[in-house]
Amino acid sequence: MKTYSVALIGASLRGAYLLAPAMADTVARHGLQVCAVYDPDLAKAGEAVLLLESRYEQAGLSVDIQATDDLTSLLTDQVFDLLVVSVPAEDHLPLVEEIHRVSDRLVLEAPIALNVAEAQAIAAATEDHPVFMNFPRRFDSGWYKVFELLRAGMIGELQFINLSAYLPATTYLRLWQRSQEHADELFLGLLCQYMDVCNWFAGDECVSIAGVGDVGHHDLDDYDPAGAFKALFSRLPIAWRSLVREGLEGEVVDNFPGDDFLDHGALTLTYANEVTATVLFTSHGPAAVDEEDLELVGSKGRIWFNARRGVLYVHAFDGSEPERIDGLADHSLPCTERLDAAFFAQLPLFAEGIPPAVTATEGAHALTMALAALESINANGVPVLLPLEIDEGEG
């Protein structure tokens, strides 16, 4: 199989410890080979390299991965098939502006930015050579099957979308959601994913969003009486633990997971074509199973899809028996890893010059909607009209 050289820009949590290792685990399937890791903290880049080299070795491939804190030299001295940017979203714009001068094979994680002005600037800067936004549900076999059925007219004209997400309060989520101060990027990233799904199915511009939600208040002993969360925490790489608490000693996590993160909400989205969508989300115990349900209601029937089980039902309004379609999920992989694998399958095509299926423009739209949702929640459900006005202080 042909392999594709990948440079990981930023040894962040998801990039270095989830996304890139998953590339290593699936290298035989997709041929994505991480050859270099850049981070301004060379020690953090080196730690990520050690992990990646061991994962490639487990996959039967011996690789020598470069760790560097010199981005300019990395970009000028070597040519990579793909550059995967996994840095804090507040750093996306300057990195995109620097990297895009030497490569048009750029992959970005959501959220694209933390404000509308920077998101639009990234979209404008990459208009001629689009970046590939990581919105993996568009490529997962189950989600895409639902889209195909809708496009084929199985339920007539779409009228209503209902997306429910039950998010386990995993170690990864709690690292950044321990407080609202640190939750913005991760929470916006999750919301952007769901906003993009609704946009994909609705097929038109969202014109208003209203939302309600609340924060969670958890005592660690009540939240995790068996101590499973502390055990998970103790196995985190040092780079992760330092984010949780400066100067952390041992497994002391008395101020963890936090007491003011937004952990549940309900959103209503209205589209220009009169399609209405609701998005419901909640996070719960660390041992819980992640679950995502999607329901589409049309003029002739409805589709119900459960992402974890990989099963869907098509219900016609003529009284006939519902049609069941299953086998739409690889149950050997957790949902997150399955979504990543679906996205990885698209990257060789992108490396070969095929235009990306999801660009920065879609990323900017999703971010705008996510910010509008938070604005409405903070205003106790007052609808927010789109597009948002750009604050002159942004950017």
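Being a predicted model, the structure only gives us computed values, none of them experimental.

## Describing the packing of aromatic side chains
At step 1: Inspection of the entire model under this criterion finds 11 aromatic pairs.
At step 2: With a centroid separation of 6.2 Å and an interplanar angle of 40 degrees, the aromatic rings of Phe139 and Phe343 are classed as tilted. Within this pair, whereas Phe139 is found in the loop between strand S6 (132-133) and helix H7 (141-151), its partner Phe343 is found in helix H13 (residues 335-344), the two being separated by 204 residues in sequence. Taken as a pair, Phe139 and Phe343 share a single burial class, namely buried.
At step 3: Taken together, a centroid distance of 6.4 Å and an interplanar angle of 25 degrees make the contact between Tyr144 and Trp200 stacked. Here Tyr144, found in helix H7, pairs with Trp200, found in helix H9 (residues 180-202); they are 56 residues apart in sequence, far enough to count as distant.

## Quick notes on the sheet that holds strand S1 (residues 4-9)
At step 1: Taken together, the six strands give an open sheet; going across it, the order is S3-S2-S1-S4-S5-S6, and neighbouring strands pair in parallel fashion. Each of the sheet's edge strands pairs with one partner strand only, and the pair in question is strand S3 (66-68) and S6.
At step 2: One ladder, built from three bridges, connects strand S2 (residues 32-38) with S3; its direction is parallel. Within S3, the position partnered with Tyr38 by the bridge is Thr68.
At step 3: Those strands touched by helix H3 (residues 42-58) are S2 and S3, and its axis lies near 160 degrees from that of S2.

## Remarks on the nonpolar core
At step 1: Core analysis: the largest hydrophobic core is formed by 115 residues, its most contacted members being Phe201 and Leu269.
At step 2: Apart from residues no more than four positions distant in its own chain, Leu269 is found in contact with Met195, Cys198, Cys206, Ser208, Ile209, Val275, Thr276, Ala277, Val279 and Met369.

## Focus on a negative patch on the surface
At step 1: Side chains of Asp41, Asp69, Asp70 and Asp77 sit close together on the surface and give a patch of like negative charge.
At step 2: When you line up the elements, Asp77 lands in helix H4 (residues 71-77).
At step 3: On the basis of relative accessibility, which here comes to 61%, the residue Asp77 falls in the exposed class.

## Observations concerning the pattern of salt bridges
At step 1: For the coordinates displayed, the defined rule picks out 10 salt bridges.
At step 2: In this structure, Arg105 engages Asp104 in a salt bridge whose closest nitrogen and oxygen atoms are separated by 3.3 Å.
At step 3: What makes Arg105 buried here is its relative accessible area of 19%.
At step 4: With a relative accessible area of 28%, Asp104 lands in the partly exposed category.
At step 5: A salt bridge links Glu292 to Arg137; the shortest N-O distance between them is 2.8 Å.

## A word on the pairing of strand S4 (residues 82-85)
At step 1: On S4, burial covers both faces: Leu82 and Val84 on one face and Leu83 and Val85 on the other are all buried.
At step 2: With respect to chirality, the unit in which S4 leads through helix H5 (residues 92-99) into the neighbouring parallel strand S5 (residues 106-108) is right-handed.

## Observations regarding the packing of H5 against helix H6 (residues 116-125)
At step 1: The geometry of H5 relative to H6 is characterised by a closest axis approach of 10 Å and an angle of 15 degrees between their N-to-C directions. Here H6 runs roughly parallel to H5, going by the angle between their axes. The interaxial crossing formed by H5 with H6 has left-handed handedness. Contact residues: H5 offers His92, Leu93 and Val96, while H6 offers Glu118, Ala121 and Ile122.

## What about the environment of Tyr166?
At step 1: Locating Tyr166 in the fold gives a position in strand S7 (residues 158-168).
At step 2: Placed 98 residues apart in sequence, Tyr166 and His264 show a C-alpha to C-alpha distance of 9.2 Å.

## Let's talk about H5
At step 1: Within H5 the residues assigned to the buried category are His92, Leu93, Leu95, Val96 and Ile99. Along the axis of H5, the buried positions cluster into a sector of 165 degrees, meaning they face one direction only.
At step 2: Where the residues of H5 are buried, they touch S1, H4, S4, S5 and H6.

## Here we look at the confidence of the model for the protein chain
For residues with low pLDDT, the predicted coordinates do not support detailed interpretation.
At step 1: On average, residues of the protein chain score 84 in pLDDT, and 80% of them reach the 70 mark or higher.
At step 2: Overall, residues 174-179 carries pLDDT values under 50, and its contacts beyond four positions in sequence, including any with other chains, amount to 34 contacts.
At step 3: For the stretch residues 217-259, pLDDT sits under 50, and the model shows 71 contacts to residues farther than four places along the chain or on other chains.

## Some thoughts on the side chain of Asp140
At step 1: Here Asp140 is to be found in the loop between S6 and H7.
At step 2: Overall, the relative accessible area of 5% leaves Asp140 in the buried class.
At step 3: A polar contact is formed between the side chain of Asp140 and the backbone nitrogen of Trp143, at a distance of 3.4 Å.
At step 4: Leaving out residues up to four positions away in the same chain, Asp140 has contacts with Arg338, Leu339 and Ala342.

Thresholds, definitions, all that
- Residues numbered from 1 in each chain as written.
- Predicted model: local features only at pLDDT ≥ 70, side-chain atom pairs only at ≥ 80, totals over all residues.
- Heavy atoms only, no water.
- Phe/Tyr/Trp six-rings, centres within 6.5 Å; stacked < 30°, edge-to-face > 60°.
- Helix = DSSP H or I, 4+ residues; strand = E, 2+ residues; numbered from the N terminus.
- Buried < 20%, exposed > 50% of the residue type's maximum accessible area, 1.4 Å probe, protein only.
- Pairing = 2+ DSSP bridges.
- Contact = heavy atoms within 4.5 Å.
- Axes fitted to C-alpha atoms, helices over the stretch in contact; angles between N-to-C directions.
- Core = buried A, V, L, I, M, F, W, Y, C linked by side-chain atoms within 4.5 Å.
- Patch = residues over 30% accessible without salt bridge, like charges linked within 9 Å, V, L, I, M, F, W, Y side chains within 5 Å.
- Areas by Shrake-Rupley, 256 points an atom, 1.4 Å probe, with all protein chains shown as cover.
- Salt bridge = Lys/Arg side-chain N within 4 Å of Asp/Glu carboxyl O.
- Lys, Arg positive; Asp, Glu negative; His and termini not counted.
- Charge placed at Lys NZ, Arg CZ, Asp CG, Glu CD.
- Right-handed = clockwise from strand over helix to strand, strands pointing away.
- Parallel < 35°, antiparallel > 145°, perpendicular 65-115°, else oblique.
- Left-handed = near helix turned anticlockwise from the far one by under 90°.
- Arc of directions from axis to C-beta.
- pLDDT = per-residue confidence, 0-100.
- Polar contact = N/O pair within 3.5 Å; in protein donor to acceptor, adjacent residues only side chain to side chain.

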